Amino acid sequence: MVDVSRHDVVIVGGGGAGLRAAIAASELDPELSIALVSKVYPMRSHTVSAEGGAAAIARDDDSLEMHGYDTVKGSDFLGDQDVIQYFVEQAPKELTRLEHWGCPWSRNEDGSVSTRAFGGMSTKRTWFATDKVGFHMLHTLFQTSMKFGNIDRYDEHFVTKLLVDGDVCRGVAALDIRTGEVKAILGKAVILTTGGGGKVWPFTTNGNIKTGDGMSLAYREGVALKDMEFVQYHPTGLPGTGILITEATRGEGGYLLNNEGERFLITRDYGVGTKAELGPRDMISRAITQEIAAGRGVEIPGKLGRYAHLDLRHLGEEKIMARLPFVRELSKAYANVDPVHEPIPIRPVLHYMMGGVDTDIDAKTSIDGLYAAGETACVSLNGANRLGSNSLTECLVFGARAGEHATGYIKGASVGEEGPFVQQAEAEAARVDALRGRQRGGEKVSKVREDMNTAMEEGTGVYREQASMAKAVSEIAAIRQRFEQVSLDDSSKVFNTELIAALELANMLDVAEAVTCAAVLRKESRGAHACSDFETRNDTEYLHHSLVFHSPDGPRSEKKDVTLGIWEPEERKY
Amino acid sequence: MSQKLKKTFIVTRFDPDKDEVPKTQTYEIEVEPDWKILDALNHIKDTVDPTLSHRWSCRMAVCGSCGMTVNGEPKLTCKDPMSDYGDTIEVAPLANFPVVRDLVVELEGFMERFQEVKPWIMVAKERAVEEGTTQQSPDELADFKQFSMCINCMLCYAACPVVSNEPDFIGPAALALGHRYNQDSRDEGAHVRNEIFRGEGGVFSCSFANECSEVCPKSVNPSGAIQQAKLGNVIDWATSFVVKRGGDVS
């Protein structure tokens, strides 16, 4: 028999969106019992690695209309415009709340919150706490969450299945990593806030925990994954590790140079106009990729591939230490370069998934009682390309929205008959027990994962073409078969990280399936989906979201309308 | 690619399902010269021994997961360069914590200490969002900013001689965090936290060995925070007899 616990709201994931959802639910109703289930201690969540800032209008020269327009243009008109409007309205309120909760936002001399420039944003609207914004936001949220007595944490619990009966979700099955036991954590509503799945790709800014868990959990229960073909390559990752060097480097005035020392975003036409280094990420990543392809990349002794240079020297040591101290620390520790004296070698690196669990503007999925927010969700704020600094704010705005709507929903809901849900958890316990230490074919988790990484990099890079995407579709299908032959060496129940890695790999293979399936069907170039064989945007045939559904016979796809009505789609030029 | 180097890793292993006491296991591997210690452990896990258990995630020195003892010193392994060591490297779990398995230590005790110092803004009356942001000068921010940089990596607890002797000691990271909120111009809860600081296991348990600040990978200086908190407590305690406190805070 599995251990059964009962709550009102069960939140899966303890990063920015999950903590904000928990606080929102707790503030609305202090009598609620809220479970916060995370495979790591919340302060380890990947929100911690975000660097540059969070967007919300703050200055007299700015407006909601401008933030909205910048966002919809950045999305290449695939963002839902009602969602964008709601987002920009809520954004300043959310960042103000965080200020009241103690977030150490950087300040102007007069004591007001300081803002900085960011890519694709038409004025300074990115709030920052030097260059560790995700870290400070996450710690502020986590520490603030501790004052609410009704948030029960399940730290280091890995959710293996949503408990769904008919079309309602009433909890999760979670593996207690410490003991190896699977538990049923029941609730009247479940919110998925597990982040993205950057570890599906080999060269990524993402931490080890970013394995698309929430996307896979929802996908397996029949919820669509939306706009999965759109994955963001951040222009500036460090060689070898892919460690993120924030866009704030360019917001503060940094240059991108080729091997001739030329500011190619100024001297050549990459569509970014006078924005130059402050163009949107999809365009800057393509520009760097083209410079390297044209033979103007920078070589680094001992490192494969070619790079561009990110030059901060002209900013001077004082400004770098005041605004970008973490960038200096990271560059020195992980690239052996001091940006005060030398340019930083960088290249585009997988950073963020615009797609995710299909939700409506209330963060609700197609299953009753199931919500999703943050990177794991696709509420359609970001469309085909996210603007830098919109995603931290998105975690707050839609984390809060999910918490509020889940709380509203459960007032009329009950768990009902527990039996079917507990039985599912028991079946999960048996499945996990069978997987732990199982001996099958000769496949290893690390090797299957590596081959998935390679297939995804070759098929879904900065530039894609039909042939390479089609190849990735078939390769991923074959790799999914190989997963069935994985053997596991570790049979211990205690902190079995090989078992967790296997469960995570299964999740990533679901994400990979959905990404490749959606990518091959979109025969146009829009935002981050740049097809060499279909170079232009095609609004006649492709101004729609793509949905991918799981089925035993392989993925099934559908289209979904984009919500327009405020800004007319136009050619995206800067 | 650069020349690979041969290294011997002696790693502490412990599986409570099978072992009475911890043992060591030796791995002979080839490493890239620019690897960190964590890269080598991940290499062992992926290619040599998938049963090795350790925590890690961001591999950029900000999530705080991968603290371990390397050649006897507490280190954040994702930032700890292989080039700092010779041919033989010993990796063990952090000292002063119970071991869950292999290199994974028990954090529950710390999480309780962490909550004990009330690490959130306490005010008599919460501000409404409509009132906008609080004014805080760059100098006021500087009063606490350094103490807000802790990544909870636990290196300071592993290094602290008081933690090893006094089980009730709240410890460096948690005390520094409490002090961070006391120093924040937006907070009104210092007198509440100071009572905790003055209590058993509080700031006066600290012997000022300064080991915590020396091992801190983020230059948070918990030792400095605790000395400041001691002074603040003496003043707070003295003035409590003559100054009426403000209303209740939460």
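The structure displayed is predicted, hence computed values, not measured ones. (Residues numbered from 1 in each chain as written. Chains lettered and ligands numbered in written order. Predicted model: local features only at pLDDT ≥ 70, side-chain atom pairs only at ≥ 80, totals over all residues. Heavy atoms only, no water.)

1. Considerations on the overall build of chain A
Phase 1 of the analysis: In terms of helices and strands, chain A carries 16 helices and 23 strands.
Phase 2 of the analysis: Taken over the C-alpha trace, chain A has a radius of gyration of 23 Å; the compact-globule value for 574 residues is 25 Å, and the two agree within 12%.
Phase 3 of the analysis: On the principal axes, the C-alpha backbone points of chain A span a range of 65 × 55 × 50 Å.
Phase 4 of the analysis: For chain A, contacts bridging at least 24 residues in sequence account for 75% of all contacts bridging at least 6.
Phase 5 of the analysis: Only carbon and sulfur atoms are counted for the fraction: they give 48% of the accessible area of chain A, which is about 17,700 Å².
Phase 6 of the analysis: Charge-centre separation for chain A: the mean point of 64 positive side chains lies 3 Å from the mean point of 83 negative side chains. (Helix = DSSP H or I, 4+ residues; strand = E, 2+ residues; numbered from the N terminus. Rg over C-alpha atoms; globule rule 2.2 N^0.38 Å. Contact = heavy atoms within 4.5 Å. Areas by Shrake-Rupley, 256 points an atom, 1.4 Å probe, with all protein chains shown as cover. Lys, Arg positive; Asp, Glu negative; His and termini not counted. Charge placed at Lys NZ, Arg CZ, Asp CG, Glu CD.)

2. Brief notes about the pattern of salt bridges
Phase 1 of the analysis: Evaluation of the coordinates by the stated rule reveals 74 salt bridges over all chains.
Phase 2 of the analysis: The salt bridge partner of Lys303 of chain A is Asp34 of chain B, with a shortest N-O separation of 2.8 Å. Remark: Asp34 of chain B occurs in the loop between strand S2 (23-31) and helix H1 (37-48) and Lys303 of chain A occurs in the loop between helix H8 (281-296) and strand S15 (308-311); the pair is interchain, linking two chains.
Phase 3 of the analysis: For Asp34 of chain B, a relative accessible area of 42% puts it in the partly exposed group.
Phase 4 of the analysis: With a closest N to O distance of 3.0 Å, Asp311 of chain A and Arg313 of chain A form a salt bridge.
Phase 5 of the analysis: A relative accessible area of 38% places Arg313 of chain A in the partly exposed class.
Phase 6 of the analysis: In this structure, a network of salt bridges that share partners links the residues Asp76, Glu229, Asp282, Arg286, Arg522, Glu524, Arg526, Arg537, Asp539 and Arg572 of chain A. (Salt bridge = Lys/Arg side-chain N within 4 Å of Asp/Glu carboxyl O. Buried < 20%, exposed > 50% of the residue type's maximum accessible area, 1.4 Å probe, protein only.)

3. Digging into unusual backbone geometry
Phase 1 of the analysis: Positive phi, close to 55°, is recorded for Glu156 of chain A, a residue that is not glycine.
Phase 2 of the analysis: With respect to the helices and strands, the residue Glu156 of chain A is situated in the loop between strand S7 (151-155) and strand S8 (157-165).
Phase 3 of the analysis: The backbone phi angle of Asn210 of chain B is positive, close to 70°, even though this residue is not glycine.
Phase 4 of the analysis: Inspection of the secondary structure puts Asn210 of chain B in the loop between helix H7 (190-198) and helix H8 (211-215).

4. So, the packing of aromatic side chains
Phase 1 of the analysis: Inspection of the entire model under this criterion finds eight aromatic pairs over all chains.
Phase 2 of the analysis: An angle of 55° between the planes, with centres 5.9 Å apart, marks the rings of Tyr86 of chain A and Phe398 of chain A as tilted. One end of the pair, Tyr86 of chain A, is in helix H3 (residues 81-100); the other, Phe398 of chain A, is in helix H11 (residues 390-410), and 312 residues separate them in sequence. For the pair Tyr86 of chain A and Phe398 of chain A, one class covers both residues: buried.
Phase 3 of the analysis: Here the aromatic rings of Phe110 of chain B and Phe114 of chain B are separated by 5.3 Å at their centres, their planes lie at 55°, and the arrangement is tilted. Taken as a pair, Phe110 of chain B and Phe114 of chain B lie in helix H2 (residues 108-116) at a separation of four residues, close to a single helical turn. (Phe/Tyr/Trp six-rings, centres within 6.5 Å; stacked < 30°, edge-to-face > 60°.)

5. Structural notes on the interface of chain A and chain B
Phase 1 of the analysis: Between chain A and chain B, the contact holds 68 residues from the first and 66 residues from the second.
Phase 2 of the analysis: Together chain A and chain B conceal approximately 5,500 Å² of surface at their shared face, both sides included; 53% is due to carbon and sulfur atoms.
Phase 3 of the analysis: Counting across the chain A and chain B interface gives 38 residue pairs in polar contact (both at pLDDT 80 or more).
Phase 4 of the analysis: Among the secondary structure elements, those contributing two or more residues to the side of chain A that touches chain B are H3, helix H4 (133-145), helix H10 (325-335), helix H13 (445-459) and helix H15 (497-521) of chain A. (Buried area = accessible area lost by both parts, 1.4 Å probe. Polar contact = N/O pair within 3.5 Å; in protein donor to acceptor, adjacent residues only side chain to side chain.)

6. Here's the deal with the domain arrangement of chain A
Residues and elements named next belong to chain A.
Phase 1 of the analysis: Along its sequence, chain A is carved into domain 1 (234-348) and domain 2 (423-547).
Phase 2 of the analysis: Between domain 1 and domain 2, the C-alpha centre-to-centre distance is 30 Å.
Phase 3 of the analysis: Counting residues at the interface gives six residues for domain 1 and five residues for domain 2.
Phase 4 of the analysis: Between domain 1 and domain 2 the total buried area reaches about 450 Å² when both faces are included, carbon and sulfur atoms providing 61% of it.
Phase 5 of the analysis: For domain 1, the biggest contributors to the area lost against domain 2 are Asp282, Arg286 and Thr289; these three give 74% of the whole.
Phase 6 of the analysis: At the junction of domain 1 with domain 2, the criterion picks out zero salt bridges.
Phase 7 of the analysis: One can count two residue pairs in polar contact (both at pLDDT 80 or more) joining domain 1 with domain 2.
Phase 8 of the analysis: When its residues are assigned to classes, the side of domain 1 that touches domain 2 shows one nonpolar, three polar and two charged. (Domains from an automatic or database assignment. Nonpolar A, V, L, I, M, F, W, Y, C, P; charged D, E, K, R; others polar.)

7. Quick notes on the packing of H13 of chain A against H15 of chain A
Helix-helix packing: each pair is described by the crossing angle between the helix axes and the interaxial distance.
Residue and element names in this part refer to chain A.
Phase 1 of the analysis: For the pair H13 and H15, interaxial distance at closest approach is 11 Å and the crossing angle is 20°. Of the possible angle classes, the one that applies to H13 and H15 is roughly parallel. When you trace H13 past H15, the crossing you get is left-handed. Seen from H13, the contacting residues are Val445, Val448, Arg449, Met452 and Met456; seen from H15, they are Ala501, Ala502, Leu505, Met508, Leu509, Ala512, Val515 and Thr516.
Phase 2 of the analysis: Among the residues making up the contact of H13 with H15, the classes are represented as eleven nonpolar, one polar and one charged. (Axes fitted to C-alpha atoms, helices over the stretch in contact; angles between N-to-C directions. Parallel < 35°, antiparallel > 145°, perpendicular 65-115°, else oblique. Left-handed = near helix turned anticlockwise from the far one by under 90°.)

8. Digging into empty space enclosed by the protein
All names here are of chain B.
Phase 1 of the analysis: Under the definition given, this model contains eight cavities of 30 Å³ or more.
Phase 2 of the analysis: The volume enclosed by the second largest cavity comes to roughly 120 Å³.
Phase 3 of the analysis: The wall of the second largest cavity is formed by 15 residues, among which Cys150, Cys153, Cys156, Ala173 and Cys216 lie closest to the centre.
Phase 4 of the analysis: Element by element, the count of residues in the lining of the second largest cavity is highest for helix H6 (residues 172-182), at three residues.
Phase 5 of the analysis: In the lining of the second largest cavity, the residues fall into 13 nonpolar, one polar and one charged. (1 Å grid on protein atoms, 1.4 Å probe; cavity = no way out; pocket = protein on both sides within 12 Å on 5 of 7 lines; lining within 4 Å. Points joined across faces, edges and corners; volume = space filled by probe spheres on them.)

9. What to know about the domain arrangement of chain B
Residue and element names in this part refer to chain B.
Phase 1 of the analysis: The domains assigned to chain B are domain 1 (5-105) and domain 2 (108-239).
Phase 2 of the analysis: Taking only C-alpha atoms, the centre of domain 1 and the centre of domain 2 are 30 Å apart.
Phase 3 of the analysis: Counting residues at the interface gives 13 residues for domain 1 and 14 residues for domain 2.
Phase 4 of the analysis: Summed over both sides, the interface between domain 1 and domain 2 buries roughly 1,000 Å², with carbon and sulfur atoms accounting for 66% of that surface.
Phase 5 of the analysis: Of all residues in domain 1, the largest losses of buried area upon contact with domain 2 belong to Pro74, Asn96 and Phe97, amounting jointly to 45% of the total for that side.
Phase 6 of the analysis: On inspection of domain 1 and its partner domain 2, the count reaches zero salt bridges.
Phase 7 of the analysis: Counting every contact that joins domain 1 to domain 2 gives four residue pairs in polar contact (both at pLDDT 80 or more).
Phase 8 of the analysis: With three residues, strand S4 (residues 73-76) is the single largest residue contributor to the side of domain 1 that touches domain 2.
Phase 9 of the analysis: Along the lines of polarity and charge, the residues of the side of domain 1 that touches domain 2 split into eight nonpolar, three polar and two charged.

10. Notes on the environment of Gln228 of chain B
Residues and elements named next belong to chain B.
Phase 1 of the analysis: One can find Gln228 in helix H9 (residues 222-239).
Phase 2 of the analysis: Spatially, the C-alpha atoms of Gln228 and Val203 are 9.6 Å apart, while their sequence positions differ by 25 residues.
Phase 3 of the analysis: If we skip the residues at most four places from it in the chain, Gln228 touches Phe147, His179 and Gln183.
Phase 4 of the analysis: At 2.7 Å, the side chain of Gln228 and the side chain of His179 are in polar contact.

11. Some words on the environment of Ala402 of chain A
Phase 1 of the analysis: Examined against the element boundaries, Ala402 of chain A turns out to sit in helix H11.
Phase 2 of the analysis: The sequence separation of Ala402 of chain A and Tyr233 of chain A amounts to 169 residues, and the corresponding C-alpha distance is 28 Å.

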